[in-house]
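# Working through the structure, step by step
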Amino acid sequence: MMSFPAQNWQLVYRAATKHVVAADGDARYGRAASAITPRLYLSDYFTARDDETLARLGITHVVSVLELVPVLPERIPLGNRLHVSLLDTSTTDILSHLDRTTEFIRDALAADEKNRVLVHCFQGISRSATVVCAYLLASSTPKAGMLAHETIDWVRERRGIVCPNLGFRRQLDEYAKRYKTVGTPKRLSLSLAGRIRSLRGREKVEAKTTGSEATEADAEERSAKVRGIEVQTTEVVIAATRQGL
């Protein structure tokens, strides 16, 4: 079995995928900003420093995940920058920073629909990719309940060199559990509550139409419908109780 030094794993990965790596400027690879969502970009450090690129993309906020303080274009106000000092090693603690980076990205995008966020590390492969994946998990983008490896695959489709180190992958798995165990029951609860409201609304409508003006056959038919709705409502409530919602 082949083995290689841990610090060179990304170089090996890039060498193994060189047949798909395009020249600089391709938004999926290398020195370019890759659009992950319509207003969230992932890039390398050199792209993040390029004033023309930031202007062209309309970047208003930047998250830098580097061990050194980055030098960014003046067009990005100090208040619109977040720097997380991290080394790209499998033993580095990135998990404790993910809530802060996720909150920064979320608040920036929510503040103004014109805002756009760029997340970068040195190459746009591991550290910044992990931060972006964490945001996707927390915001249920592109869909709720995704696993950590699914977000990595989804981001890699948009930036082909994305490959978080093994330590970051494990920590991303831990981060995903927060939204798997806490978020899913909440969504189920809202869904069940909606079904109950809908069924009870139908029950009231059917009950109102069963009046003195209705024929005996009509009244019996509507009464049967009401009983059927009551049974469905009871079944939904029981299902919710069993799930502890």
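Here goes a summary of the coordinates provided. (Residues numbered from 1 in each chain as written. Predicted model: local features only at pLDDT ≥ 70, side-chain atom pairs only at ≥ 80, totals over all residues. Heavy atoms only, no water.)

## A closer look at the environment of S34
By the secondary structure assignment, S34 is in strand β1 (residues 34–37). Expressed as a C-alpha distance, the spacing of S34 and G160, which sit 126 residues apart in the sequence, is 9.4 Å. (Helix = DSSP H or I, 4+ residues; strand = E, 2+ residues; numbered from the N terminus.)

## Re the nonpolar core
V63, I105, V117, V119, V132, V155 and L172 are the most contacted members of the largest nonpolar core, which has 35 residues in total. For this core, the secondary-structure elements that each account for two or more residues are β2 (40–43), β3 (61–65), β4 (81–84), α4 (95–111), β5 (117–120), α5 (127–138), α6 (148–156) and α7 (166–181). Counting residues per element, this core draws most heavily on α5, at eight residues. Leave out the neighbours within four places in its chain, and V155 touches I36, L42, V132, C133, L136 and V162. In terms of nonpolar packing, the next biggest core, distinct from the first, is built from ten residues, A33, L57, V62 and I76 among them. (Core = buried A, V, L, I, M, F, W, Y, C linked by side-chain atoms within 4.5 Å. Buried < 20%, exposed > 50% of the residue type's maximum accessible area, 1.4 Å probe, protein only. Contact = heavy atoms within 4.5 Å.)

## Here we look at the pairing of β3
Most of β3 is tucked away: five of the five residues are buried. Side-chain alternation along β3 places H61, V63 and V65 on one buried face and V62 and S64 on a second face that is also buried. Both β3 and β5 contribute to a ladder of four bridges, which runs parallel. Looking at the pairing, V63 lines up with V119 of β5. As defined by bridge partners, β3 adjoins β4 across four bridges and the pair is classed as parallel. (Pairing = 2+ DSSP bridges.)

## Focus on the packing of aromatic side chains
Inspection of the entire model under this criterion finds three aromatic pairs. Each ring, one from Y45 and one from F46, has its centre 6.2 Å from the other, and the planes form 45°; the classification is tilted. A relative accessible area of 12% places Y45 in the buried class. Measuring from ring centre to ring centre gives 5.5 Å for F46 and F122, while their planes differ by 65°; the resulting arrangement is edge-to-face. Of this pair, F46 sits in helix α2 (residues 45–48) while F122 sits in the loop between β5 and α5, placing them 76 residues apart in sequence. Looking at F46, the relative accessible area reads 35%, which means it is partly exposed. For F122, a relative accessible area of 41% translates into the label partly exposed. (Phe/Tyr/Trp six-rings, centres within 6.5 Å; stacked < 30°, edge-to-face > 60°.)

## With respect to the pattern of salt bridges
Close approach of charged atoms allows side chains with opposite charge to pair. According to the stated counting rule, one finds seven salt bridges in the structure shown. Taking the shortest distance from any N to any O, the salt bridge between R75 and D51 comes out at 2.9 Å. Of this pair, R75 sits in the loop between β3 and β4 while D51 is found in helix α3 (residues 51–57), placing the two residues 24 residues apart along the sequence. Judged by relative accessible area, R75 falls into the partly exposed class, the value being 42%. (Salt bridge = Lys/Arg side-chain N within 4 Å of Asp/Glu carboxyl O.)

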